[in-house]
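Chain residues, written in single-letter form:
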Amino acid sequence: MVRESLWGFQILAAMHILALVLSVGTLIWFDLRLLGFAMRRCRVSELYRQLMPWTGAGFLVMCTTGGLLFSGSAASAYGNLAFRIKLSAIVLAGVNALVFHLITERTIAQWDATPQPPLAARLAGLTSIVLWVSIVVAGRMMSYTLY
Amino acid sequence: MAAKTLGSLTNVHIDFFLWLQSTRVATTIANSLFLLAGLSAVHLVGLTLLVGGTLVSSLRMAGIFLAGRPVADITGDPDRGVVVGLGISVVTGLLLFAPRASAAGENGVFQLKMCLLIAAASFHFTARRRIIRQPATSPGQLRRAGLVGLALWISVALAGCAFIFLE
């Protein structure tokens, strides 16, 4: 259905990009706070609580529209190198978030208000930024090489 | 789908766009899928930084986000992110415009995007900035300035999406 309807594809692709801007655009500020580069006077946990509804909402729309777009060209997307890089980076971003929440965040009470969080938290922030920028770049590469 | 032209182009514009398209930079970009895709990707990264930054700072101004924190503590860094994101988007945007200057220049959606961009940037760097810096700004003024700024940048992003996908 997605493949046959030109407007459906265009609208889904536009929503996918706008949702990406919302989710990654807000997540990057949490990552920059973890790195100690931005909003240093704000508690890490407070920023997280305030940002996550926006990041999460964007992420949900991005995944839904991404899934629908993929269903329209699953076979050719699967063989596309940029798509494979993108998907691997998404999995790695998930692992990075999981490691942060399960391990690094356990000691947050000790560094929540410090301008510069410990190395493990800074690394989680840096890794997240690098991976999400790679996902955006691979996504654009994919649309140039696939469609 | 060809969008209607908002404003008709003068001969000077058309000559300039044709010259821009024939430059070495424009032809190099036009002939390289890798450069086109790469520039488009970096353009989107810039936009993400810009819209994310404006969202964080505007929502604080609107009292929706981190309302307990002083405005200056929250808006400073994201607003610097807006400047960096805008710089990245403008440079990559110009490089993406060059190879297709005459087609994009007479595209109504692209013209609308440029008008919205000028409006958003002008508002961001004049009225909005003045309102943040004024000590006597009322919460209502702050909220309105935040929401107007956010709406303008989002409309630039929407017009950008429409330009890519409606062509």
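Rules used throughout
- Residues numbered from 1 in each chain as written.
- Chains lettered and ligands numbered in written order.
- Predicted model: local features only at pLDDT ≥ 70, side-chain atom pairs only at ≥ 80, totals over all residues.
- Heavy atoms only, no water.
- Helix = DSSP H or I, 4+ residues; strand = E, 2+ residues; numbered from the N terminus.
- Buried < 20%, exposed > 50% of the residue type's maximum accessible area, 1.4 Å probe, protein only.
- Contact = heavy atoms within 4.5 Å.
- Areas by Shrake-Rupley, 256 points an atom, 1.4 Å probe, with all protein chains shown as cover.
- 1 Å grid on protein atoms, 1.4 Å probe; cavity = no way out; pocket = protein on both sides within 12 Å on 5 of 7 lines; lining within 4 Å.
- Points joined across faces, edges and corners; volume = space filled by probe spheres on them.
- Axes fitted to C-alpha atoms, helices over the stretch in contact; angles between N-to-C directions.
- Parallel < 35°, antiparallel > 145°, perpendicular 65-115°, else oblique.
- Left-handed = near helix turned anticlockwise from the far one by under 90°.
- pLDDT = per-residue confidence, 0-100.
- Buried area = accessible area lost by both parts, 1.4 Å probe.
- Salt bridge = Lys/Arg side-chain N within 4 Å of Asp/Glu carboxyl O.
- Polar contact = N/O pair within 3.5 Å; in protein donor to acceptor, adjacent residues only side chain to side chain.
- Nonpolar A, V, L, I, M, F, W, Y, C, P; charged D, E, K, R; others polar.

1. Concerning the overall build of chain B
Now for step 1: A tally of regular secondary structure across chain B gives seven helices and zero strands.
Now for step 2: Going from the N terminus to the C terminus, chain B shows its helices and strands as α-α-α-α-α-α-α.
Now for step 3: Oriented by its inertia axes, the alpha-carbon framework of chain B measures out at about 55 × 35 × 25 Å.
Now for step 4: A burial count over chain B gives 49% of its 167 residues as buried.
Now for step 5: The long-range fraction of contacts in chain B, counting pairs at least 24 apart against all pairs at least 6 apart in sequence, stands at 77%.
Now for step 6: For chain B, the exposed surface amounts to about 8100 Å²; the carbon and sulfur share of it is 69%.

2. A closer look at the overall build of chain A
Now for step 1: Regarding its fold elements, chain A presents six helices and zero strands.
Now for step 2: Going residue by residue from the N terminus, the α and β elements of chain A occur as α-α-α-α-α-α.
Now for step 3: Considered along the principal axes of its C-alpha atoms, chain A spans approximately 55 × 25 × 20 Å.
Now for step 4: Taking all 147 residues of chain A together, the buried fraction comes to 47%.
Now for step 5: Contacts in chain A between residues at least 24 apart in sequence constitute 76% of all its contacts with a sequence separation of at least 6.
Now for step 6: In the form shown here, chain A has an accessible surface area of approximately 7600 Å², with 71% of it arising from carbon and sulfur atoms.

3. Observations regarding unusual backbone geometry
Now for step 1: Here the phi dihedral of Met39(A) falls at roughly 45°; this positive angle occurs in a residue that is not glycine.
Now for step 2: Tracing the backbone through its elements, the reader meets Met39(A) in the loop between helix H1 (6–35) and helix H2 (44–72).
Now for step 3: Although it is not a glycine, Leu66(B) adopts a positive phi angle of roughly 45°.
Now for step 4: Assignment of secondary structure puts Leu66(B) in the loop between helix H3 (33–61) and helix H4 (71–97).
Now for step 5: Accessibility expressed as a relative area gives 1% for Leu66(B), which makes it buried.

4. Notes on the environment of Val136(A)
Now for step 1: Relative to the elements of secondary structure, Val136(A) occurs in helix H6 (residues 119–146).
Now for step 2: The class of Val136(A) is buried, set by a relative accessible area of 4%.
Now for step 3: On a C-alpha basis, the gap between Val136(A) and Ser71(A) in space is 19 Å, while along the polypeptide they are 65 residues apart.
Now for step 4: Those residues in contact with Val136(A) that sit more than four places away from it in its chain are Leu20(A), Ala41(B), Leu44(B) and Val45(B).

5. Remarks on the layout of surface pockets
Residue and element names in this part refer to chain A.
Now for step 1: Taken as a whole, the second largest pocket holds about 410 Å³ of empty space.
Now for step 2: The wall of the second largest pocket is formed by 22 residues, among which Leu27, Met52, Ala93, Ala97 and Trp132 lie closest to the centre.
Now for step 3: Every element with two or more residues in the lining of the second largest pocket is listed here: H1, H2, helix H4 (81–102) and H6.
Now for step 4: Residue contributions to the lining of the second largest pocket peak at seven residues, all from H4.

6. A closer look at the packing of H4(A) against H6(A)
All names here are of chain A.
Now for step 1: Closest axis-to-axis distance for the H4/H6 pair is 8 Å, and the angle between their directions is 160°. Relative to H6, H4 is oriented roughly antiparallel. The handedness of the crossing between H4 and H6 is left-handed. Of the residues in H6, those in contact with Ala82, Phe83, Ile85, Lys86, Ala89, Ile90, Leu92, Ala93, Asn96 and Phe100 of H4 are Ala121, Ala124, Thr127, Ser128, Leu131, Trp132, Ile135, Ala138, Gly139, Met141 and Met142.

7. Here's the deal with the environment of Ala72(B)
Residue and element names in this part refer to chain B.
Now for step 1: Along the chain, alanine 72 falls in helix H4.
Now for step 2: You can call alanine 72 exposed: its relative accessible area is 59%.
Now for step 3: Distance from alanine 72 to phenylalanine 163, taken between C-alpha atoms, is 35 Å for residues 91 residues apart in sequence.

8. Side note on the confidence of the model for chain B
Residue and element names in this part refer to chain B.
Now for step 1: Of the residues in chain B, 95% reach a pLDDT of 70 or more, and the chain-wide mean stands at 90.
Now for step 2: By mean pLDDT, the top-scoring element of chain B is helix H2 (residues 24–30) (95), and the lowest-scoring one is helix H1 (residues 11–22) (88).
Now for step 3: Prediction confidence for the complex, expressed as pTM and ipTM, is 0.90 and 0.89 respectively.

9. Regarding the interface of chain B and chain A
Now for step 1: Chain B puts 34 residues into the contact, and the matching count from chain A is 32 residues.
Now for step 2: Between chain B and chain A, roughly 3000 Å² of surface is buried when both sides are summed, and carbon and sulfur atoms account for 79% of that area.
Now for step 3: In this structure, the connection of chain B to chain A is made through two salt bridges.
Now for step 4: Scanning the region where chain B abuts chain A turns up six residue pairs in polar contact (both at pLDDT 80 or more).
Now for step 5: Elements that contribute at least two residues to the side of chain B that touches chain A include exactly H3, H4 and helix H7 (139–166) of chain B.
Now for step 6: For the side of chain B that touches chain A, the leading source of residues is H3(B), giving 18 residues.
Now for step 7: Residues belonging to the side of chain B that touches chain A are distributed by class as follows: 25 nonpolar, six polar and three charged.

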